[in-house]
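Structural overview for review
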Amino acid sequence: MNALPDRYASDDLVLGEPGDGRNLARRLSKRYAARITGAFVVPGREGRFAPLPDDLPDALAGALRARGIDQLYSHQAEAWQATRAGAHVAIVTPTASGKSLCYTLPVVAAAMQDHAKALYLFPTKALAQDQVAELLELNQAGALGVKAFTFDGDTPGDARQAIRLHGDIVVSNPDMLHQGILPHHTKWAQFFENLRYVVIDEVHTYRGVFGSHVANVIRRLKRVCAFYGVNPQFILCSATIGNPQEHAEALIEDAVTAITESGAPTGDKHVLLWNPPVVNPDLGLRASARSQTNRIARLAIKSGMKTLVFAQSRSMVEVLTKYLKDVFDHDPRKRPRIRAYRGGYLPKERRAAERAMREGSIDGIVSTSALELGVDIGSLDAVVLNGYPGSVAATWQRFGRAGRRQQSALGVLVASSDPLDQYLVRHPEFFQGATPEHARIQPDQPLILLDHIRCAAFELPFTGDEMFGTEVATPWLDLLAEEGVLHREGDRWEWIADSYPAIAVSLRSVADGNFVVVDRTDGRQTIIAEVDYSAAAVTLYEGAIHMVQSLPYQVEKLDWEGRKAYVTRTNADYYTDAIDYTKLKVLDCFDSSHAGCGHAHHGEVHVVRRVPGYKKIRFYSHENIGYGPVNLPDQELHTTAVWWQLPQMVLEAAFEQRQQALDGFLGAACALHIVATVAVMAEARDLQKAVGSGDGAWFASTDLRGRGQLRGSDGQPAALAPGAPFTPTVYLYDAFPGGIGHSEPLFRRREDLLAQSVSLIERCDCRAGCPACVGPVLAADESAPSLPSASPDGLDATTPKALALRVLALLVAL
Amino acid sequence: MPPELRRLLQRHAQLKRGLTMVPSSCDRDVPGIELSPGLRYTEAFADWLVPPRIIDAGFARMDPVHHDRLLHFDTETTGLAGGTGTRAFMIGAADWQEGRLRIRQLTITTMAAEAAMLRAFAEWLDEDTVLVSYNGKCYDAPLLATRYRLARLPNPLAGRGHLDLLHPVRRHWKHQWPNCRLATAERQLLGVVREDDLPGAEAPAAWLTYLRGGSARNLRRVAAHNAQDLKSLAGVLLHMATLQEA
């Protein structure tokens, strides 16, 4: 029935007058009341302005006026005053509030007046290029004579020397600073001697492992600056997070002045939470988020609203783009109105999409999180999220893309069938009232710290009791001397090895080289896309349909070692979806102890992610029309973990069925993961959980019904023979090659973690379990009537929440 | 640092790979006189060809130059990784003294002596010096520039004329010879055949072994290798200058 034409998207909902979020929100709410589980308005605000500062150089003021800027927003003026007063500054205002002017003004003024230099760091090359384009326009408008360049892996060798010597503003990224600039700092001597400002934009993206690395790169930067006798001022910018000032201070390890009140005017924003309608009441099946997203986007575009659709995966971007193109771009003689935007396109193609969007020649753009950051694509009226992006902060960052103009905008979050999405739309108050997530980093994580002390020792010798960040470096240096890379002479440690340590340290953990996609249709040899290493196994297997700008290509040959996929154009009426799973094996147990009736351990483990096959899914009808095998090397991770086990006897006494014990372990894993993540201040993605057999014979995952499903070592759903051994184990492991050192502190706090997990579940307001404690549960579980106390062993004792508590109780010390 | 943490870090550093213990040796003889603590100096004369008074450097698109002004130089370094972590532990230089080739070498036996070595080498240069090297423009000169910068000393190589023979040799013979390394050039042009030559790639280990208390034998072979490089450098330059006349 999905294949039927969409008769509900009737054009009577299309607005007559163009682009008004309030009206479309109202019409949608009226027509689809049953699907809207939450609606709220984020009120706009009047702009607050300040005159251009008197101490701004005349030529710069002139350049601003020539570009139509006669006054500043209040936060821009505050930033000017704070930076001129010499403070480190953090600017925390929404997307599109004119953040870049906050640092452009002091930096350009200092370059003009004192020939002071500035280093800009952006998380991506695309943002760096945007920034240089903007600086060049300002420079031209006032003939300011300020030279700005990007410096990254794409910068040609012969241009590098000129940039080092003549660049007033060098725009780069943390990876390049780490591998290309700091280890060659003597070539940049002139630049460093005159360095006054370091600008770090999008600091909310520097969290977890990546953020911990970046904080250490900043330590190295400050150390090199001290060698050249400078102490630059930091200007940091962040999107809204729960702890912007704390995070900025943690990154640069110094006090910052935070500017958090935006003076930029915004229109009202109308936000709808949208749950697809139930299409099969018997099975509780809902229509797909994709169909709903498609419908809402179509209405918004037909109503003349510039619309941005966020999808969770690259293939979903392509599918949604195709659907919208089928409606709006069926006439090839007309200019295209719909475009896709995602990582993996060539830079040229992305620039073209950005430009077309800014110029207003595109009406709809479908993107992955690539557009969450400050890529300039001009004004938007509506944002539709196809699925929950995983955090409240990211949701608001995406909605922040709409409503640049002073007119009301629309934001719709369409829930997918993912249990977390379903939980959220059932609890809009959680979404609306929650403070955005906190960004956490742990720069003193031992392995990360050791890597960067290694790099720092290469850059400049350590002497005496030198500190690195908050640690005395000596014990770390001794360790490196033992390894043979440093040589100690008196109180100096000098680099002695014939190696370049920064090359071996990736700030973004696993970055094993991108894959290029080569089109071989009709004897061509054209590179049409790039795919990063982590996505290659699930998108470029032989047989995969790889979509580029919604044109399907089929992968004919994958050269894994050479990092190349060869594709040809195809007219397939289906797309492909990889099946993947994770399993885990214990290699070495460092330490063990009793944990209630069971045991706790920590040690080294081997984690394997495998893609055994893929599904073929027909466009529109989404029926599964076949499977294909995939033969690829496993993605392996050698890391450290902490794990808990209960003996089979204990479980058999405590649970009537093995399924219940398994569900209990999955729920306990979820609670332990939440508690442990907080305990070691990790990013949720840096610490992972798994439930499997103690001997690696099987592992378990939560299926679509929210229940544990066993899978054998081949990844196929399996059932245990009644007599087979049954020792379910819950693992928490570092999702970081070589381990990140979480397991040891977690093992030390094992009793505390269990107690906290019990308390987390007990105190949770939910009845049967929810993503905030034991993981997402089915609506059926949640709404089942609470049984009277007359039934002590009744249904209540088998809710996911109760089962998890039972497992934890067995692990808590007697 | 707690011991468990230390163990974890050691495991990850894969100490097994790095733990090559250097046996301490009684052969600790580094030739030369000690100019200052840790800095050794040797000087030798070689009767090796006879230079014309004025050398035609047209093959390298440079003006003719009096042979008194030439300073042939070559460094021995701790590796090829590049960046701020690679250093020279030996600097050799050759110049013409009354028709004979004088070969001077500076070797450091401690890290701390590096600054003294850099100062001593700087004194060998003056405003008129024309440097002669083999791939020195891309390798030795930038490496020394980095070392002078790190020692906070002015770079004496900056602004000096520099005749890098690699490029003219390549232009002439890249199609005739299997490669254009100095060892190939000296064999083809000067008929030099080295005996018991320590390959350049083993120089870092030779010095490191000595630094860690091991034998000085290979370090002396590095010095011999360096001296032969300097002689060949002078010879190749003279050969190329005559080539021009022909």
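Where an unreviewed UniProt entry is consulted, chain B appears under the name Exonuclease, with the organism given as Rhodanobacter lindaniclasticus.

Going by what an unreviewed UniProt entry lists, chain A is known as Helicase and is assigned to Rhodanobacter lindaniclasticus.

Helices and strands together make up the secondary structure of chain A, namely 25 helices and 36 strands. By residue count, 57% of the 814 residues in chain A fall in the buried class. Within chain A, contacts between residues at least 6 apart in sequence are counted, and of these 72% link residues at least 24 apart.

Let's shift gears to the sheet that holds strand 22 (residues 486-489) of chain A. Residue and element names in this part refer to chain A. The sheet built from three strands is open, its strands ordered 19-23-22 with antiparallel pairing. Each end of this open sheet is capped by a strand with a single partner; those strands are strand 19 (462-463) and strand 22. Taken together, the two bridges between strand 19 and strand 23 (residues 492-495) define a ladder with antiparallel strand orientation. Bridge pairing in strand 23 places Thr 463 opposite Arg 492.

Our focus in this paragraph is the interface of chain B and chain A. Each partner contributes to the interface: chain B provides 34 residues, whereas chain A provides 37 residues. Interface area, chain B with chain A, both sides summed: about 3,100 Å², of which 59% is carbon and sulfur. Residue Arg149(B) is joined to Glu193(A) by a salt bridge in which the shortest nitrogen-to-oxygen separation is 3.0 Å. Inspection of the chain B/chain A interface yields 13 residue pairs in polar contact (both at pLDDT 80 or more). Classifying every residue of the side of chain B that touches chain A by side-chain character gives 15 nonpolar, eleven polar and eight charged.

Here chain B averages 91 in pLDDT, while 93% of its residues score no lower than 70. Summarising per-element confidence for chain B, the mean pLDDT is lowest in helix 2 (residues 15-18) of chain B (47) and highest in helix 3 (residues 114-123) of chain B (98).

We now examine unusual backbone geometry. A positive phi angle, near 55°, is found at Glu202(A), a position not held by glycine. Following the sequence through the fold, Glu202(A) ends up in the loop between strand 8 (195-200) and helix 9 (208-227).

It is worth spelling out the pattern of salt bridges at this point. One pass over the structure, following the stated rule, counts 31 salt bridges over all chains. Taking the shortest distance from any N to any O, the salt bridge between Arg219(A) and Glu253(A) comes out at 2.7 Å. Pair noted here: Arg219(A) is in helix 9 and Glu253(A) is in the loop between helix 10 (244-252) and strand 10 (257-259), with a separation of 34 residues, a long-range link. When its relative accessible area of 5% is taken as the criterion, Arg219(A) is described as buried. Since its relative accessible area comes to 30%, Glu253(A) is described here as partly exposed. The residue Arg454(A) makes a salt bridge to Glu483(A) at a minimum N-O spacing of 2.8 Å. Taken together, the positions of Arg454(A) in helix 17 (residues 446-459) and Glu483(A) in helix 18 (residues 474-483) put the pair 29 residues apart, joining distant regions of the chain. Each member of the pair, Arg454(A) as well as Glu483(A), is classed as buried. Shared partners join several salt bridges into a network, and the residues in it are Arg492(A), Glu494(A), Arg87(B), Glu114(B) and Arg147(B).

Another point: helix 11 (residues 289-302) of chain A. Residue and element names in this part refer to chain A. Between its first and last C-alpha, helix 11 extends 20 Å over 14 residues, near the 20 Å set by a 1.5 Å rise per residue. In terms of residue burial, helix 11 counts as a mostly covered element, since twelve of its 14 residues are buried. Immediately downstream of helix 11, the backbone of Gly 304 shows phi near 80°, a positive value.

Buried residues of helix 5 (residues 166-173) of chain B: Leu166(B), Pro168(B), Val169(B) and Trp173(B), and no others. Projected onto a plane normal to the axis of helix 5 of chain B, the buried residues spread over an arc of 165° and lie on a single side.

What follows covers the sheet that holds strand 6 (residues 88-97) of chain B. Strands belonging to one sheet form pairs held by backbone hydrogen bonds; the direction of such a pair is parallel or antiparallel. Residues and elements named next belong to chain B. Read across the sheet, seven strands follow the order 1-2-7-6-5-8-9 without closing on themselves; strand pairing throughout is mixed. Taken across any chain shown, the strands that pair with only one partner, and hence form the sheet edges, are strand 1 (33-36) and strand 9 (161-164). Adjacent strand axes in the sheet meet at a mean angle of 30° when their direction is disregarded. Here four bridges tie strand 8 (residues 130-133) to strand 9, and the two strands are oriented parallel to one another. Looking across to strand 9, one finds that Val 130 is bridged to Gly 161. The strands touched by helix 4 (residues 140-150) within the sheet are strand 5 (70-77), strand 6 and strand 9, with strand 5 carrying the most contacts at an inclination of about 70°.

Next up on the list: the packing of helix 23 (residues 750-763) of chain A against helix 25 (residues 800-811) of chain A. Residue and element names in this part refer to chain A. For the pair helix 23 and helix 25, interaxial distance at closest approach is 10 Å and the crossing angle is 155°. Between helix 23 and helix 25, the angle is such that the two are roughly antiparallel. For the element pair helix 23 and helix 25, the recorded crossing hand is left-handed. Here Leu 754, Ser 757, Val 758, Ile 761 and Glu 762 of helix 23 come into contact with helix 25, specifically with Lys 801, Ala 804, Leu 805, Leu 808 and Leu 811.

All names here are of chain A. Core analysis: the biggest nonpolar cluster contains 69 residues, and Leu 56, Leu 60, Leu 105, Tyr 120, Ile 169, Leu 308 and Leu 371 have the highest contact counts within it. Ranked by the residues each element gives to this core, the list is headed by helix 4 (residues 99-114), at nine residues. Looking at which domains feed residues into this core, each of domain 1 (11-44 + 266-433) and domain 2 (49-259) supplies at least three. Ranked by size, the runner-up nonpolar core spans 64 residues in total, among them Leu 28, Tyr 32, Ile 301 and Val 366.

Before going further, it helps to spend a moment on the pairing of strand 27 (residues 551-559) of chain A. Residues and elements named next belong to chain A. Note: strand 26 (residues 545-548) against strand 27, four bridges, orientation antiparallel. Considered in strand 27, the bridge of Met 547 is made with Pro 552. Across six bridges, the pairing between strand 27 and strand 28 (residues 564-569) is antiparallel. Bridged to Lys 557 within strand 28 is Tyr 566. Between strand 27 and strand 28, which pair antiparallel in sequence order, lie four residues; one of them, Arg 563, sits at a positive phi of approximately 60°.

All names here are of chain A. Two elements in contact, helix 4 and helix 5 (residues 125-142), have axes whose closest approach is 12 Å; the angle formed by their N-to-C orientations is 55°. One way to sum up the angle between helix 4 and helix 5 is to call them oblique. Helix-helix and strand crossings are classified by hand; for helix 4 and helix 5 the assignment is right-handed. Residues Ser 100, Tyr 103, Thr 104 and Val 108 of helix 4 form the contact with helix 5, whose participating residues are Gln 131, Glu 134, Leu 135 and Leu 138. Split into classes, the residues belonging to the contact of helix 4 with helix 5 amount to four nonpolar, three polar and one charged.

What follows is about the environment of Ala126(A). Residues and elements named next belong to chain A. Checked against the element boundaries, Ala 126 lands in helix 5. Sequence separation between Ala 126 and Ala 370 is 244 residues, and the spatial gap between their C-alpha atoms is 9.8 Å. Contacts of Ala 126, omitting those with residues within four sequence positions, involve Arg 350 and Arg 351.

Moving on, we get to the packing of aromatic side chains. Going through the model one piece at a time under the given rule, you end up with 23 aromatic pairs over all chains. When the centroid spacing of 4.8 Å and the interplanar angle of 90° are considered together, the rings of Phe151(A) and Trp188(A) count as edge-to-face. Taken together, the residues Phe151(A) in the loop between strand 6 (148-150) and helix 6 (157-166) and Trp188(A) in the loop between helix 7 (174-181) and helix 8 (189-193) connect sequence positions 37 residues apart. Judged by relative accessible area, Phe151(A) falls into the buried class, the value being 1%. Judged by its relative accessible area of 1%, Trp188(A) is buried. Taking the centre distance of 5.1 Å and the plane angle of 5° together, the rings of Phe89(B) and Trp207(B) count as stacked. One end of the pair, Phe89(B), is in strand 6; the other, Trp207(B), is in helix 7 (residues 203-211), with 118 residues separating them in the sequence.

Rules and cut-offs
Residues numbered from 1 in each chain as written. Chains lettered and ligands numbered in written order. Predicted model: local features only at pLDDT ≥ 70, side-chain atom pairs only at ≥ 80, totals over all residues. Heavy atoms only, no water. Helix = DSSP H or I, 4+ residues; strand = E, 2+ residues; numbered from the N terminus. Buried < 20%, exposed > 50% of the residue type's maximum accessible area, 1.4 Å probe, protein only. Contact = heavy atoms within 4.5 Å. Pairing = 2+ DSSP bridges. Buried area = accessible area lost by both parts, 1.4 Å probe. Salt bridge = Lys/Arg side-chain N within 4 Å of Asp/Glu carboxyl O. Polar contact = N/O pair within 3.5 Å; in protein donor to acceptor, adjacent residues only side chain to side chain. Nonpolar A, V, L, I, M, F, W, Y, C, P; charged D, E, K, R; others polar. pLDDT = per-residue confidence, 0-100. Expected span 1.5 Å × (residues − 1). Arc of directions from axis to C-beta. Axes fitted to C-alpha atoms, helices over the stretch in contact; angles between N-to-C directions. Parallel < 35°, antiparallel > 145°, perpendicular 65-115°, else oblique. Left-handed = near helix turned anticlockwise from the far one by under 90°. Core = buried A, V, L, I, M, F, W, Y, C linked by side-chain atoms within 4.5 Å. Domains from an automatic or database assignment. Phe/Tyr/Trp six-rings, centres within 6.5 Å; stacked < 30°, edge-to-face > 60°.

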